[in-house]
Amino acid sequence: MTAIIHVMHDSTFRCMGVDVVRRDDESPGSARLVLVDGVFLLHPEDAVLDGMLDGWEKQQRGRRLEPNTIDDRQRLVRRFIEFSGEYPWNWTAAHMDEWSFSLIAEQGRAKSTIRSYQGAIRLFCDFITSPHYKWAEECVKRFGTHPIQICHEWNTAAHLEEYEGDAERRPLTREECQALFDYADDRVEESIRLGRKGALTAYRDATVFKTIYGWGLRAREVSRLDLTDFYRNAKAPELGKFAMMNVRYGKATKGSGPRRRMVASVMPWAVESLEDYLVNIRPQFRHHADRKAVWLTERGGRLQPREIETRFAAYRDALGFDKDLVPHCLRHSHVTHQIEDGVDPKFVQEQVGHRFASTTAIYTGVSTDFMNTMMRNALDRAFTAEELETV
């Protein structure tokens, strides 16, 4: 039996016949603010466990973490409880060792996935062992023992590499990128010629792939683009309002929310493709349930990453490309091809938002003037190449 108490300052409450006092030194999510002191619990182990998870949720919401992130972490904790067969105050490092071995040997999880799972348990243990929340005191009082931190450097995976994905995944070559874009464009023309439904969505998808490549985006980042995410830049007037892209849903790190970044447009042809879609194609979608979204479905909702992956897989298989290629490979193609063309690697890293702890110090020194200079150089090369092709 648990009772949740919402208190803003020092005060006394009468809850279930018990006076409960909240002190200023008690943090939201602490044992006293989740479990009513002195109330008999029919199932104390389950009640305390639920109280811990409820308190942890409040602590994370107070840090403004994404609800999906919080829910995923809660599920992982319950999965670990089921695997270990023990409540958190009985966990040991050996339980983490056994779980990690199972994830590797039996389930074949990727290194990044294992590290993410271990990170969730580490954060939960940090919460229930912190003196600020007093769960250790509550466990000693009720069960005669207390929780400990079971995740250490010597029994968890470290984040030592910037990219830990499948080694078989690689950037698409320039020829493969061109073949993909041509095939996508052909699907649009074929739908129109045969009078089939789906011409609008085919055009949309063709533009999505070009946008992922043109700006080096992740599938989620491109999916969450809104009409208001584009800006002018005085250093690139020829690109109009599409000179800069505001990516608001970048990959989060260390439990933080989505990380924003501004991405300079360096491929004029990709800007033309995106602008053409927004001006001529998007308005033709009849329903606009999500009026802000750049990419609409036939029902007017926002195009989701899974739908992008499905269409990419269909085109990839039709072209006979490697099965390991996914939309994210277009992002790596952007990075590879930019560096091959002589663009400064620091500029490219800043563009795609690669800011892991081991490289943060390097990239934070990139100034606005440097970004504008590299953007101008990239645009000059692109426009010069186009002029030469037309001669």
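The structure presented is a predicted model; accordingly, all values stated were derived computationally and were not measured.

### Observations concerning the confidence of the model for the protein
Parts of the prediction with low pLDDT should not have their coordinates interpreted in detail.
Right, so step 1: The predicted model of the protein averages 83 in pLDDT, with 82% of residues at 70 or higher.
Right, so step 2: Low pLDDT, under 50, characterises residues 159–165; the stretch is placed with 13 contacts to residues that sit more than four places away or in other chains.

### Here's the deal with the nonpolar core
Right, so step 1: One finds Met245, Leu274, Trp295, Leu330 and Met375 to be the most contacted residues of the largest nonpolar core, which totals 57 residues.
Right, so step 2: A per-element tally of this core places helix H8 (residues 199–215) first, with 7 residues.
Right, so step 3: Non-local contacts of methionine 245, meaning those with residues more than four positions away in its chain, are made with Thr211, Trp215, Leu217, Leu225, Asp229, Phe230, Arg261, Met262, Val263 and Leu274.
Right, so step 4: Counting 30 residues, the second largest nonpolar core, distinct from the first, contains Trp91, Met96, Phe124 and Cys139.

### Thoughts on unusual backbone geometry
Right, so step 1: At arginine 64, a residue that is not glycine, the phi angle is positive and equals roughly 65°.
Right, so step 2: Within the element layout of this structure, arginine 64 appears in the loop between helix H2 (44–62) and helix H3 (67–84).
Right, so step 3: Among the residues examined, arginine 64 registers a relative accessible area of 71% and is labelled exposed.
Right, so step 4: A positive phi angle, near 60°, is found at lysine 134, a position not held by glycine.
Right, so step 5: Along the polypeptide, lysine 134 turns up in the loop between helix H5 (111–129) and helix H6 (135–143).

### Brief notes about the packing of helix H7 (residues 174–194) against helix H12 (residues 328–340)
Right, so step 1: Packing of H7 against H12 leaves a shortest axis separation of 11 Å and a crossing angle of 130°. The pairing of H7 with H12 is recorded here as oblique in orientation. In the packing of H7 onto H12, the handedness of the crossing is left-handed. When H7 is examined against H12, the residues Arg174, Cys177 and Leu180 are found in contact with a partner set consisting of Leu330, Ser333, His337 and Glu340.
Right, so step 2: Tallied by class, the residues present in the contact of H7 with H12 amount to 3 nonpolar, 2 polar and 2 charged.

Rules used throughout
- Residues numbered from 1 in each chain as written.
- Predicted model: local features only at pLDDT ≥ 70, side-chain atom pairs only at ≥ 80, totals over all residues.
- Heavy atoms only, no water.
- pLDDT = per-residue confidence, 0-100.
- Contact = heavy atoms within 4.5 Å.
- Core = buried A, V, L, I, M, F, W, Y, C linked by side-chain atoms within 4.5 Å.
- Buried < 20%, exposed > 50% of the residue type's maximum accessible area, 1.4 Å probe, protein only.
- Helix = DSSP H or I, 4+ residues; strand = E, 2+ residues; numbered from the N terminus.
- Axes fitted to C-alpha atoms, helices over the stretch in contact; angles between N-to-C directions.
- Parallel < 35°, antiparallel > 145°, perpendicular 65-115°, else oblique.
- Left-handed = near helix turned anticlockwise from the far one by under 90°.
- Nonpolar A, V, L, I, M, F, W, Y, C, P; charged D, E, K, R; others polar.

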